[in-house]
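# A structural walkthrough
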Amino acid sequence: MAQHQVNYLKDGGLPVALTTIDKVVNWGRSNSLWALTYGLACCGIEMMASGASRYDFDRFGTIFRASPRQAELMVVAGTLTKKHAEFIRRLYDQMTEPKWVISMGSCANTGGMFNTYATVQGVDRVIPVDLYLPGCAPRPETLQYGVMMLQQKIRRESASRAQKPKRLM
Amino acid sequence: MRAYTPKDNVQKKPYYTDRYWVAPQVAKHDVSSDDVFVHDLDAIKAKFEVLDAYIQVDQMVVIINAHDNFAIIEMLKNEREYNQLSEMSAIDWLATEGKFEIFYQMLSMSKRKRLRIKCKIDEKESLQSVEKLFRSADWSEREMYDMFGVVVNNHPFMKRILMPDDWEGFPLRKTYPLQGDEFAAWYEVDKIFGKEAREIIGPENRDPARIDRYDTERFSRLGHEVPRGTDITNGEPDTPLVYQEPEGVFLIEKFDAEQSVVISDRHR
């Protein structure tokens, strides 16, 4: 037995880190945000650029998945037409809880310049949105900042309580 | 910041009118001025009735009866070497004449000539399909039906091509409002949530440029974020961009802006 006093709660004590379940779960959730590839228009190009080497979304644990069942983040990048509205709702419903939505660019936020009969005037008419990114199209830095804001939001949420499903109405 | 003016119905009142402006007309020349087109027109006239024919911008325009369209295009393809249908669609003249004008733009690769066949049909009248002659007419005729409501007979798959199958109305008609009729305005709400959700979701905001600087429920100024719903009529504090919580994040190294390296040569 060692003669000196060991402070087990400090660094260099036992290999133990004290934390709460909330923090661990939220740490895991916020740093492995798997995003559904949802490039609908030119914003999709910026979204792809964010995932590519220069901006490198993998650093944040954001990996684009092609299946809604493996994704928890939906980045709606581009113009949502009325014909496509039911499909985005179906894909959103197929994602597993908890799930988050980033509306990327003017078209997804409000319909943007497409003030016509065929464009949904904002995706929040169809699915609940957590974060709106302005821009036409937003630069990859904006999307990165948006994802970091979303990570902060996730860390603030309570993880132990079963998350209430978000409802549009 | 620029003062806000409502932009709901900007398209209702044109901001420029000139009563004395006359639309310039493209000059029409007689068909006899071109050796190749003369023979083509004679061949058509030998078998079919031609209402009018002239040359505009080096292209011959032949106006025919609508019921002759298949036979004339078949003859032009098989006998007169017009082997490509580059474009076809309809033009809405319902307001002035009560008719649609259908045009077929054809190209002869061997003669290096372009020819346009035009015919007029009534709103409820249908047309013979030329899909058997040119595969390109397949989607063009579907688009014509989708956008104008011109029904084409003997088409293999007469169905809307751009708009959803259950869409009502024909968007390219002059009478169709640009921002859609009531059906279009509620289409996605009706389809996904049902008609009873209309009151909850509310009408579309057709003025997406509207920004209320003092509305902290729906807007936030980058670098000046305040908690939601705060009254900022007397100004708001500067808040620098925060990438992480100030107390740091569990298991994640704190980002230090002082320690970060700014790359001066972006082409390195």
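Anything mentioned here points back to the structure above.
## What to know about the overall build of chain B
Looking only at helices and strands, one finds six helices and seven strands in chain B. Counting from the amino terminus, helix and strand elements in chain B follow one another as α-β-β-α-β-β-β-β-α-β-α-α-α. Taken over C-alpha atoms, the radius of gyration comes to 30 Å for chain B, far larger than the 18 Å a tight globule of 268 residues would show. Looking at chain B as a whole, 38% of its 268 residues qualify as buried.

## What about the pairing of strand E2 (residues 59–64) of chain B?
Residue and element names in this part refer to chain B. Counting buried positions along E2 yields six of six residues, so the element is predominantly enclosed. Where burial is concerned, the two faces of E2 agree: the one with Gln59, Val61 and Ile63 and the one with Met60, Val62 and Ile64 are both buried. The pairing of strand E1 (residues 50–56) with E2 spans six bridges and is classified as antiparallel. Each bridged residue has a counterpart across the sheet, and for glutamine 56 the counterpart in E2 is glutamine 59.

## Describing the interface of chain A and chain B
Contact with chain A, which involves 28 residues of that partner, is made by 41 residues of chain B. Of the roughly 3,000 Å² buried at the junction of chain A and chain B (both faces included), carbon and sulfur atoms supply 62%. Considering only the surface of chain A that becomes buried against chain B, Lys82(A), Tyr117(A) and Arg125(A) emerge as the three largest contributors, covering 28% of it. Residues Lys82(A) and Glu188(B) are paired through a salt bridge, measuring 3.4 Å at the closest nitrogen-oxygen approach. For the pair chain A and chain B, the interface holds 12 residue pairs in polar contact (both at pLDDT 80 or more).

## Concerning the environment of Gly112(A)
Residue and element names in this part refer to chain A. Take glycine 112: it is sitting in the loop between helix H4 (106–110) and strand E5 (131–133). The buried category is assigned to glycine 112, whose relative accessible area is 13%. Separated by 80 residues in sequence, glycine 112 and serine 32 place their C-alpha atoms 31 Å apart.

Reading guide: rules and limits
- Residues numbered from 1 in each chain as written.
- Chains lettered and ligands numbered in written order.
- Predicted model: local features only at pLDDT ≥ 70, side-chain atom pairs only at ≥ 80, totals over all residues.
- Heavy atoms only, no water.
- Helix = DSSP H or I, 4+ residues; strand = E, 2+ residues; numbered from the N terminus.
- Rg over C-alpha atoms; globule rule 2.2 N^0.38 Å.
- Buried < 20%, exposed > 50% of the residue type's maximum accessible area, 1.4 Å probe, protein only.
- Pairing = 2+ DSSP bridges.
- Contact = heavy atoms within 4.5 Å.
- Buried area = accessible area lost by both parts, 1.4 Å probe.
- Salt bridge = Lys/Arg side-chain N within 4 Å of Asp/Glu carboxyl O.
- Polar contact = N/O pair within 3.5 Å; in protein donor to acceptor, adjacent residues only side chain to side chain.

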